[in-house]
Amino acid sequence: MTPLFPEDAGSVSAAGVLLQGAQPPINYTRDPDPGWRAGRPACLKELCPVCGDKVSGYHYGLLTCESCKGFFKRTVQNNKQYVCAEKQECTVDRGQRKRCPSCRFHKCLHVGMRLEAVRADRKRGGRNKFGPMYKRDRALKQQREALIHHGGFRLDSGPPLGPSTHHMHLTFTNGFHPLPMAQPPPLCSLLPFPPLAGPQYQCSSLSNWTVKSQHSNDGSAARIHSFSPQAPRMPQLVMEFLHCEPDELQLQSKIAARILQEEPGAPSTFSLMCVMADQTLFSIVEWARTSVFFKQLKVDDQMKLLHSCWSELLLLDTVCRNVLQGREGSLLLVTGQEVELSYVASHAGLTLAGLVQRGQELVEKLLILKVDRQEIACIKFLVLFNPDVKQLEDHQFVESVHEQAEAALLEYTLCTSAHLLGRFAHLLLCLSEIRSLSTHAEDYLYCKHLSGGVPCNNLLIEMLHAKRSCA
DNA sequence: ATAGCCTTGAGA
DNA sequence: TCTCAAGGCTAT
């Protein structure tokens, strides 16, 4: 599922091969999806990711229609508690959006509408902190449109002469100006910050989130939750985790810029994939470095944790991108490009195709569970603060953060899907599948590295080696 | 309660 | 001054 793996031995480059043949496996065109797997709209002409109605502008974090904007506002402002009468699998489209507010609100959260954008003080007018994000999103969409319409984005494949000669030509010729980027520094230099002095984050397992039982109108037992005013509908810690999340659009721009910096003309598929994985790793390290709790750790412990979980985080990143924004039947890469899964299945080597298949199954599981951004933010902390990592100086702290993250996730799931008992356990099961799959993927990559030709001088290889030398 | 239209006001 | 994403109003 991750884009980082080179071709199977004896077979051709997965992504390179994917790019051959009649239909281009990578494209920028995306169906507006009325289902849970909402595509990102390219402009106002596109459809609301919640219900498929006409988009009226950016509302609470993304382009939505007027009615979903109003619905989201009413729900958050009035602290409404909905309960789905079915199994929380109701269709939310233009015709049926009024039928189940519970599923509609879940879908709002799932596609990325931001609770924080609803103003607690109800002040009108002006701009909020999302302004720059909307601007970047608009710019990115314009960039893409220009690339498509002016033929500036070209994808073609080299002659079928074997793995090492397959090339993917990614050429941006119009309206795209890469940011200057330095050669990637090693991990240790990315973690130069000493542990935070001054006030530390509380490590208590209590939040100001309360849960009490109450009876609903129909007489059935229901859980009613009260929320803190700063963190409507979610535990404080989940809010905290959410604030640590990186800016996806900035990451996408950076990686696209790096790809342009690669050998002009014909970068190999493999080096492109390495750039994607490598740059994603940089963003992961940056995320961790600036995240709550992690920045309190000593650099040695930070290194140990990252060395232990980098591949899990990389896999999680790709899986979650596909859960939240992906389109059925294709693999959404960090750059916003898509690869047809059928093409992977038929053209990649057995090992790689198997890994991608397992990743896809994980995506399906998480789609069924309707995992949202809040839960993903918690899961990332569960992965990062792994108490099983050996020789940690502050093992107790790591364990405590892990427990808190787990408790926060449990509280959140109890609130948003109280009637779906076992959902929390299912999320944890997905977490162990992430661990298992990432181990296999890492082994695969390491074998490829040993059998030759994985470009050195990148964070990816550094991580791979660091972990092996620890093991 | 919903959803289309109106008003507001900080920042470009 | 203009823009546009907030909140508000109101017919349905």
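All figures in this text were calculated on a predicted structure; none of them were measured in a lab. (Residues numbered from 1 in each chain as written. Chains lettered and ligands numbered in written order. Predicted model: local features only at pLDDT ≥ 70, side-chain atom pairs only at ≥ 80, totals over all residues. Heavy atoms only, no water.)

*Asks:* Account for the protein's contact with DNA strand C, with residues named and values stated.
*Replies:* Within the structure, DNA strand C sits among 17 residues, and Tyr60, Arg119, Arg127, Tyr134 and Arg138 are positioned closest to it. A share of 73% is what sugar and phosphate atoms reach among the atoms of DNA strand C within 4 Å of the protein. Note that a base oxygen of DNA strand C is positioned 2.8 Å from one of the side-chain N or O atoms of lysine 69. A distance of 2.5 Å separates a phosphate oxygen of DNA strand C from a polar atom in the side chain of tyrosine 134. For the surface near DNA strand C, the secondary-structure elements that each account for two or more residues are β2 (57–59), α2 (66–77) and α4 (131–149). Considering each element in turn, the surface near DNA strand C owes the most residues, three residues, to α2. Of the residues assigned to the surface near DNA strand C, the class counts are five nonpolar, four polar and eight charged. (Near = heavy atom within 4 Å. Polar contact = N/O pair within 3.5 Å; in protein donor to acceptor, adjacent residues only side chain to side chain. Helix = DSSP H or I, 4+ residues; strand = E, 2+ residues; numbered from the N terminus. Nonpolar A, V, L, I, M, F, W, Y, C, P; charged D, E, K, R; others polar.)

*Asks:* How would you sum up the UniProt feature "binding site: a phospholipid derivative" (unreviewed entry) in chain A? Please name residues and give values.
*Replies:* Within this structure's numbering, the places UniProt gives as "binding site: a phospholipid derivative" (unreviewed entry) are Gly349, Leu350, Thr351, Leu352, Tyr444 and Lys448. A compact arrangement is adopted by the annotated residues: their sequence extent is 100 residues, whereas the largest C-alpha distance between any two is 13.9 Å. Examined against the element boundaries, leucine 350 turns out to sit in helix α11 (residues 350–368). Take leucine 352: it is sitting in helix α11. (UniProt positions renumbered as here; feature names shortened; annotations may be inferred.)

*Asks:* I'd like to hear about a positive patch on the surface, residue by residue, with values.
*Replies:* Together, Lys73, Arg74, Lys80 and Arg122 make up a region of like positive charge exposed at the surface. For arginine 74, a relative accessible area of 42% puts it in the partly exposed group. (Patch = residues over 30% accessible without salt bridge, like charges linked within 9 Å, V, L, I, M, F, W, Y side chains within 5 Å. Areas by Shrake-Rupley, 256 points an atom, 1.4 Å probe, with all protein chains shown as cover. Salt bridge = Lys/Arg side-chain N within 4 Å of Asp/Glu carboxyl O. Lys, Arg positive; Asp, Glu negative; His and termini not counted. Charge placed at Lys NZ, Arg CZ, Asp CG, Glu CD. Buried < 20%, exposed > 50% of the residue type's maximum accessible area, 1.4 Å probe, protein only.)

*Asks:* Describe the side chain of aspartate 137, with residues and values.
*Replies:* Residue placement: aspartate 137 occurs in helix α4. According to the relative accessible area criterion, aspartate 137 is buried, its value standing at 10%. Within the structure, the side chain of aspartate 137 is placed 2.6 Å from the side chain of tyrosine 58, a separation counted as a polar contact.

*Asks:* Could you give an account of the packing of helix α9 (residues 299–325) against helix α14 (residues 423–450), with specific residues and numbers?
*Replies:* One way to put it is that α9 packs onto α14 with a least axis distance of 9 Å and a crossing angle of 110°. Accordingly, the angle class assigned to the pair α9 and α14 is roughly perpendicular. Only Ile434, Arg435, Leu437, Ser438, Glu442 and Leu445 of α14 make contact with α9, whose side of the interface consists of Trp310, Ser311, Glu312, Leu315 and Leu316. Residues belonging to the contact of α9 with α14 are distributed by class as follows: six nonpolar, two polar and three charged. (Axes fitted to C-alpha atoms, helices over the stretch in contact; angles between N-to-C directions. Parallel < 35°, antiparallel > 145°, perpendicular 65-115°, else oblique. Contact = heavy atoms within 4.5 Å.)

*Asks:* Which residues make up the environment of phenylalanine 293, and what values do they have?
*Replies:* When you line up the elements, phenylalanine 293 lands in the loop between α8 (269–289) and α9. Classification of phenylalanine 293 as buried rests on a relative accessible area of 1%. Expressed as a C-alpha distance, the spacing of phenylalanine 293 and valine 401, which sit 108 residues apart in the sequence, is 7.3 Å.

*Asks:* Account for the protein's contact with DNA strand B, with residues named and values stated.
*Replies:* The local shell around DNA strand B consists of Glu66, Ser67, Phe71, Arg74, Lys80, Arg97, Lys98, Arg104, Arg124, Gly125, Gly126 and Arg127. When the atoms of DNA strand B within 4 Å of the protein are grouped by moiety, sugar and phosphate amount to 60% of the total. Contacts to DNA strand B include arginine 124, whose side-chain N or O atom sits 2.9 Å from a base oxygen. For the surface near DNA strand B, the leading source of residues is α2, giving four residues. Split into classes, the residues belonging to the surface near DNA strand B amount to one nonpolar, three polar and eight charged.

*Asks:* Run through the nonpolar core, naming residues and quoting values.
*Replies:* Ranked by size, the top nonpolar core spans 114 residues in total, and within it Phe72, Phe241, Leu384 and Phe385 carry the most contacts. In terms of residues, this core owes the most to one element, α9, which gives 12 residues. Here phenylalanine 241 is in contact with Val292, Phe293, Ala377, Cys378, Phe381 and Ala405, once residues within four sequence places are set aside. (Core = buried A, V, L, I, M, F, W, Y, C linked by side-chain atoms within 4.5 Å.)

*Asks:* Any chance you could break down the packing of aromatic side chains for me, citing the residues and the numbers?
*Replies:* In the structure shown here, the tally under the stated rule is 11 aromatic pairs. Here the aromatic rings of phenylalanine 241 and phenylalanine 293 are separated by 6.5 Å at their centres, their planes lie at 75°, and the arrangement is edge-to-face. Here phenylalanine 241 is found in helix α6 (residues 236–243), whereas its partner phenylalanine 293 is found in the loop between α8 and α9, with 52 residues between them in sequence. Of the residues examined, phenylalanine 241 reaches a relative accessible area of 0% and is grouped as buried. (Phe/Tyr/Trp six-rings, centres within 6.5 Å; stacked < 30°, edge-to-face > 60°.)

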